[in-house]
Amino acid sequence: MQNRVYFFDTTLRDGEQSPGATMNLQEKLCLANQLEKLGIDVLEAGFPATSPGDFEAVKTIAEQMDSMQIAGLCRCLEADIDRCWEAIRHAKNPRIHTVLATSPLHMKHKLRKRSEDVLKMIEVGVKHCSAYTDNVEFSAEDASRSDRDFLCRAAETAIRAGARIINIPDTVGYAQPEEFGALIAYVIANTANSDKAIFSVHCHNDLGLGVANTLAALAAGARQAEVTLSGIGERAGNAALEEVVMALTVRKDYFGLTHAIATEQLYPSCRMLALTIGRPIPDNKAIVGANAFAHESGIHQDGMLKHRETYEIMTPQSVGRKQSSLVIGKHSGRNAVRNKFENMGYKLDDAQINVVFEAVKQLADRKKVLHDDDLTALVQEAIHRIPDRYRLRHVSVQSSDCGGVPPTAAVIMDVDGEEKSGAGFGVGPVDALFNVIADMLGQTPELEQYAVTAITGGTDALGEVTVRLRENEFTAMGRGAHPDILVASAKAYVNAMNRLAKKY
Ligand code: KIV
Ligand code: ZN
């Protein structure tokens, strides 16, 4: 059995199904470029049949990526498969990923089909895929709650019809590691033609076991791991890419498996995702959280000073947690800025470089040295956001203690190209700002989440604010970065309002 593990990233498909993680085309392209740099083998770019927006995103990514295989998801139905192929066909190496449920629960209540009919659908559907390409993956949805022997028959049928990758998903995050490893070993051993396919796993995190189940499956013979950056995904999410990769890397002695991931791109990738979807990485997140390499207790600090390996099993540099030596400041030239962004994974055209260069100069006037995190925030802010209906021009905020005039905000903004101004009060300065903006736009969404983080250390750090707004059943995240956290708050609120307005 070969020892190379293939990484299949589904951040743009399953990850995007995470509430509030919707991304626009520009944002998806930017992440896709970063994932290519990270060394992902297969990128699942979306589910083309679900909407024209998804179709366009998959098609554009398929046309623009160089080395990664590009997969599109489709149900095991001819019309879905045709639409998927139409979206991915111009990729250098396109993959059709088709899915059909195999558990008694799903077959009875969702598909309303008998098991023999499901096998027939697999045969017909996979053959239809194979007429387009020999790079076909079949997923047996809810595999971990399927009958083992029926699962083997489903896999055998799919392989006979032309599938080269068989995915065994733990769709509802129900499996336990030992049990899941045994299931993978059983399916590989009892599917007659299993030697003609690579077995893959796709583990959800409902019981917090997505990564553990994925690793158990790899130890048992699976050779493709379906993962997402920071583990985002449907409900509690998917197995986190960075955790699976680093477990295989740090414990190569245990797993004996290799991969093609450039581990020093893990942190920049997760950071880019966090900025894109406006959801900060939790401090205690393994591998990429702010505290993952912080040593607080005296005993630990003492041990670290004497010998790093006493309390550190990998270096921060190995996962990309380092400030690069090329420092950008107010004296940096256009070429240095271009070079820096290229190294950070951003492909910017000349017009975009001009916008970013101006923004760098403005920020460098306030802040002596710009760190990588400042620059990532800046490029997201300046380039990769949806075209705005509402644009903030100026804000002025007055804080106040309890007596006298309450906290006051005044705002000037463009609304559909027309300048408008407004002023008002609130219980605090942020409340005052949000009240004024909501009033000016004639909307009163519910503020579900408000978070401020300092992007880098020091009192001159860029403040990053994320907000989540709800209007009926629709939610939208917004993000803003600025050295003044009140300005950052106003930007984040307006950004979320733009997303709400576009239902995007
Ligand atoms: O969770 C799941 O079963 C899926 C399939 C489409 C692989 O996302
Ligand atoms: Zn899934």
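These numbers were taken from a predicted model, which means no experiment stands behind them. (Residues numbered from 1 in each chain as written. Chains lettered and ligands numbered in written order. Predicted model: local features only at pLDDT ≥ 70, side-chain atom pairs only at ≥ 80, totals over all residues. Heavy atoms only, no water.)

Within this numbering scheme, the UniProt entry marks residues 5–267 as carrying the feature "domain: Pyruvate carboxyltransferase" (unreviewed entry). Between the C-alpha atoms that bound residues 5–267 there is a distance of 20 Å. The span itself is 45% helix and 17% strand. (UniProt positions renumbered as here; feature names shortened; annotations may be inferred. Helix = DSSP H or I, 4+ residues; strand = E, 2+ residues; numbered from the N terminus.)

At their nearest, the axes of helix 16 (residues 429–441) and helix 17 (residues 485–502) sit 10 Å apart, and the two run at 35° to each other. At the point where helix 16 passes helix 17, the crossing takes the right-handed sense. Every residue of helix 17 that contacts helix 16 at Pro429, Val430, Leu433, Phe434, Ile437, Ala438 and Leu441 is listed here: Leu486, Ser489, Ala490, Tyr493, Val494 and Met497. A breakdown of the residues in the contact of helix 16 with helix 17 according to their chemical character gives 12 nonpolar, one polar and no charged. (Axes fitted to C-alpha atoms, helices over the stretch in contact; angles between N-to-C directions. Left-handed = near helix turned anticlockwise from the far one by under 90°. Contact = heavy atoms within 4.5 Å. Nonpolar A, V, L, I, M, F, W, Y, C, P; charged D, E, K, R; others polar.)

So, on to the domain arrangement of the protein. Buried accessible area, meaning the area lost when the parts come together, often serves as the stated size of an interface. One can read the domain layout of the protein as domain 1 (6–263), domain 2 (334–382) and domain 3 (390–501). Taken together, the six residues of domain 1 in the interface contact seven residues of domain 2. Buried area between domain 1 and domain 2, summed over both chains or domains, comes out near 440 Å², and the portion from carbon and sulfur atoms is 36%. It is Cys30, Asn33 and Lys37 in domain 1 that bury the most area against domain 2; as a group they hold 67% of the surface buried on that side. Linking domain 1 to domain 2 there are zero salt bridges. The interface formed by domain 1 and domain 2 includes zero residue pairs in polar contact (both at pLDDT 80 or more). Residues that form the side of domain 1 that touches domain 2 fall into these classes: one nonpolar, three polar and two charged. (Domains from an automatic or database assignment. Buried area = accessible area lost by both parts, 1.4 Å probe. Salt bridge = Lys/Arg side-chain N within 4 Å of Asp/Glu carboxyl O. Polar contact = N/O pair within 3.5 Å; in protein donor to acceptor, adjacent residues only side chain to side chain.)

The reference angle at a metal is 109.5 degrees if four donors form a tetrahedron and 90 or 180 degrees if six donors form an octahedron. Taken together, the protein ligands of the zinc ion (ligand 2) are Asp14 (OD), His202 (NE2) and His204 (NE2), with distances of 2.0 to 2.1 Å. Here the donor residues of the zinc ion (ligand 2) are spaced in sequence according to D-x187-H-x1-H. Taken as a pair, histidine 202 and histidine 204 share a single burial class, namely buried. (Donors = N, O, S within 2.8 Å, 3.2 Å for Na, K, Ca; no water. Buried < 20%, exposed > 50% of the residue type's maximum accessible area, 1.4 Å probe, protein only.)

For the rest of this paragraph, the subject is the pairing of strand 14 (residues 474–482). For strand 14, the tally of buried residues reaches eight of nine residues, placing the bulk of the element in the interior. Note that strand 13 (residues 463–471) and strand 14 share nine bridges and pair antiparallel. Residue pairing for strand 14: valine 467 is matched across the bridge by glycine 478. Connecting strand 13 to the next strand, strand 14, in antiparallel fashion are two residues, including asparagine 472 with a positive phi near 50°. (Pairing = 2+ DSSP bridges.)

This part takes up helix 13 (residues 334–343). Residues of helix 13 that are buried include every one of Val337, Lys340 and Phe341, and no others. Down the axis of helix 13, the sector holding all buried residues measures 95°, keeping them to one side. Turned more than 90 degrees off the buried face of helix 13, the exposed positions are Asn335 and Asn343. Buried-residue contacts for helix 13 involve helix 14 (350–366) and helix 15 (372–382). Just past helix 13, the residue glycine 345 takes up positive phi, approximately 100°. (Arc of directions from axis to C-beta.)

With that out of the way, let us pick up the pattern of salt bridges. Throughout the structure, instances matching the rule amount to 30 salt bridges. Notably, a salt bridge pairs aspartate 54 with lysine 28, separated by 3.7 Å at the nearest N-O pair. Residue aspartate 54 is found in helix 2 (residues 52–64), and its partner lysine 28 is found in helix 1 (residues 25–38); the two are separated by 26 residues along the sequence. In this structure aspartate 54 comes out as buried when scored by relative accessible area, which is 13%. With its nearest N and O atoms 3.3 Å apart, the salt bridge here joins arginine 114 to aspartate 117. Counted as one network, the salt bridges with shared partners bring together Arg13, Asp14 and Glu44.

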